[in-house]
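# Summary of the model geometry
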Amino acid sequence: MPHITIDYSPRLADAFDRQALLRELHPMVLEEAGSAGVCKTLCRPAAETCVGDPGTDRAGRTGFVHITVALLPGRSDGLKARLAEDVLALLGKHLPHDAVSSVEVRDLAASYRLRPAQP
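All residue numbers refer to positions counted from 1 along the written sequence of the respective chain. Whole-chain, interface and lining totals are the exception, using all residues; otherwise, since this is a predicted model, local features are given only for residues with pLDDT of at least 70 and side-chain atom pairs are given and counted only at 80 or more. Side-chain numbers here rest on the full set of heavy atoms in the structure, without hydrogens or water.

## Quick word on the packing of aromatic side chains
Rule in force here: Two aromatic rings, drawn from Phe, Tyr or Trp (for Trp, its six-membered ring), form a pair once their centres lie within 6.5 Å of each other, and the interplanar angle then sorts them: stacked below 30 degrees, edge-to-face above 60, tilted otherwise. A simple rule labels every residue: compare its accessible area, found with a 1.4 Å probe on the protein chains alone, to the largest value its type can have, and call it buried under 20%, exposed over 50%, or partly exposed in between. The rule is short: NZ of Lys or CZ of Arg within 6 Å of the ring centre and within 35 degrees of the ring normal puts a charge over the ring.
Under the defined criterion, the tally for this structure stands at 1 aromatic pair. Between Tyr-8 and Phe-16, the ring centres sit 5.7 Å apart and the planes meet at 85 degrees, which makes this aromatic pair edge-to-face. There is no split in this pair, since Tyr-8 and Phe-16 are both buried. Across from the ring centre of Phe-16, 5.4 Å away, lies the NZ or CZ of Arg-18, which sits over that ring.

Spelled out as structure tokens, the structure:
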């Protein structure tokens with residue numbers, strides 16, 4: 001039941017193929033997390049991104065991507081750390097060399113509920 005959010009700098013909108021990334025990311029997350037569910041992913045441009053101090057030349061020109069993977073509780077910190085490293089490595093294959101990237105793997109809140117689509 002993984003929930004994935006991909007936030008990215010608008011300047012990267014045409015710089016990486018999000019569908020190609022997802023074709024590799026989804027099976028990786030499901031396998032490594034031991035999930036029998038399906039991934040639900042939200043890709044969204046982050047209107048304002050800044051790398052470094054605001055006002056510096058680098059701050060507005062550096063592309064940035066952050067991926068959050070939220071899983072049902074019960075996975076070890078070690079598993080989450082390994083998954084984060086693997087997602088970061090995969091992301092590196094899909095981004096321009098000068099982009100900054102980060103990954104967080106965390107538990108879904110205890111209040112999480114799901115209503116499946118109705119046929």
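## A few points about the pairing of strand S2 (residues 40-45)
Side chains on a regular strand alternate between the two faces of the sheet. Operational definition: Any two strands with at least two DSSP bridges between them are considered paired. Helix and strand definitions follow DSSP, with helices as H or I runs of at least four residues and strands as E runs of at least two, each counted in order from the N terminus. A right-handed crossover is one whose linking path, passing over the helix from the first strand to the second, runs clockwise when the strands point away from the viewer.
Of the pairings in the sheet, the one linking strand S1 (residues 3-8) to S2 comprises 6 bridges and is parallel in character. Note on S2: the bridge partner recorded for Asp-7 is Arg-44. Handedness of the crossover joining S1 and S2 through helix H1 (residues 18-33) is recorded here as right-handed.

## With respect to the environment of Gly-63
For clarity, the cut-off: Note on contacts: a residue pair qualifies if any of its non-hydrogen atoms lie within 4.5 Å across the two residues.
Note that Gly-63 resides in the loop between helix H2 (57-61) and strand S3 (64-71). In this structure the C-alpha to C-alpha distance between Gly-63 and Ser-101, which are 38 residues apart in sequence, comes to 8.4 Å. Leave out the neighbours within four places in its chain, and Gly-63 touches Ser-9, Arg-11, Leu-12, Ala-99 and Val-100.

## Let's talk about the sheet that holds S3
To be explicit about the condition: Geometry is summarised by axes, namely lines fitted to C-alpha atoms with helices restricted to the contacting stretch, and by angles between N-to-C directions that run from 0 to 180 degrees.
Strand order in this open sheet of 4 strands is S2-S1-S3-S4, and the pairing throughout is mixed. Of all strands in the sheet, those with a lone pairing partner are S2 and strand S4 (100-107), marking the two edges. When the angles between neighbouring strand axes are averaged without regard to direction, this sheet yields 10 degrees. Its contacts with the sheet place H1 against S1, S2 and S3, and it is angled at close to 145 degrees to S1. Docked against the sheet, helix H3 (residues 77-94) engages S3 and S4, running at close to 150 degrees with respect to S4.

## As for the pattern of salt bridges
The condition is simple: The salt bridge criterion pairs a side-chain nitrogen of Lys or Arg with a carboxyl oxygen of Asp or Glu, the two atoms within 4 Å.
With the rule as written, the count across this model stands at 4 salt bridges. Each of the salt bridges in this network shares a partner with another, and the network as a whole consists of Asp-77, Lys-80 and Asp-107.

## Concerning the pairing of S4
As paired strands, S3 and S4 are joined by 8 bridges and run parallel to one another. Each bridged residue has a counterpart across the sheet, and for Thr-68 the counterpart in S4 is Glu-104. With H3 bridging S3 and the parallel S4, this β-α-β connection has right-handed handedness.

## Quick word on H1
The condition that has to hold: What a helix should span is 1.5 Å times the count of its residues minus one. Whenever a nitrogen or oxygen atom comes within 3.5 Å of another N or O atom, the pair is scored as a polar contact, on the condition that within protein one atom can donate a hydrogen and the other can accept it, and that pairs from neighbouring residues in sequence are kept only if both atoms are in side chains.
Between its first and last C-alpha, H1 extends 21 Å over 16 residues, near the 22 Å set by a 1.5 Å rise per residue. All of the buried residues in H1 are Ala-20, Leu-21, Leu-22, Leu-25, Met-28, Val-29 and Ala-33. The inward-facing, buried residues of H1 contact S1, S2, S3 and H3. One side-chain oxygen at the N-terminal end of H1 lies 3.1 Å from the backbone nitrogen of Gln-19; it belongs to Asp-17. Looking one or two places after H1, you find Gly-34, whose phi comes out positive at around 70 degrees.

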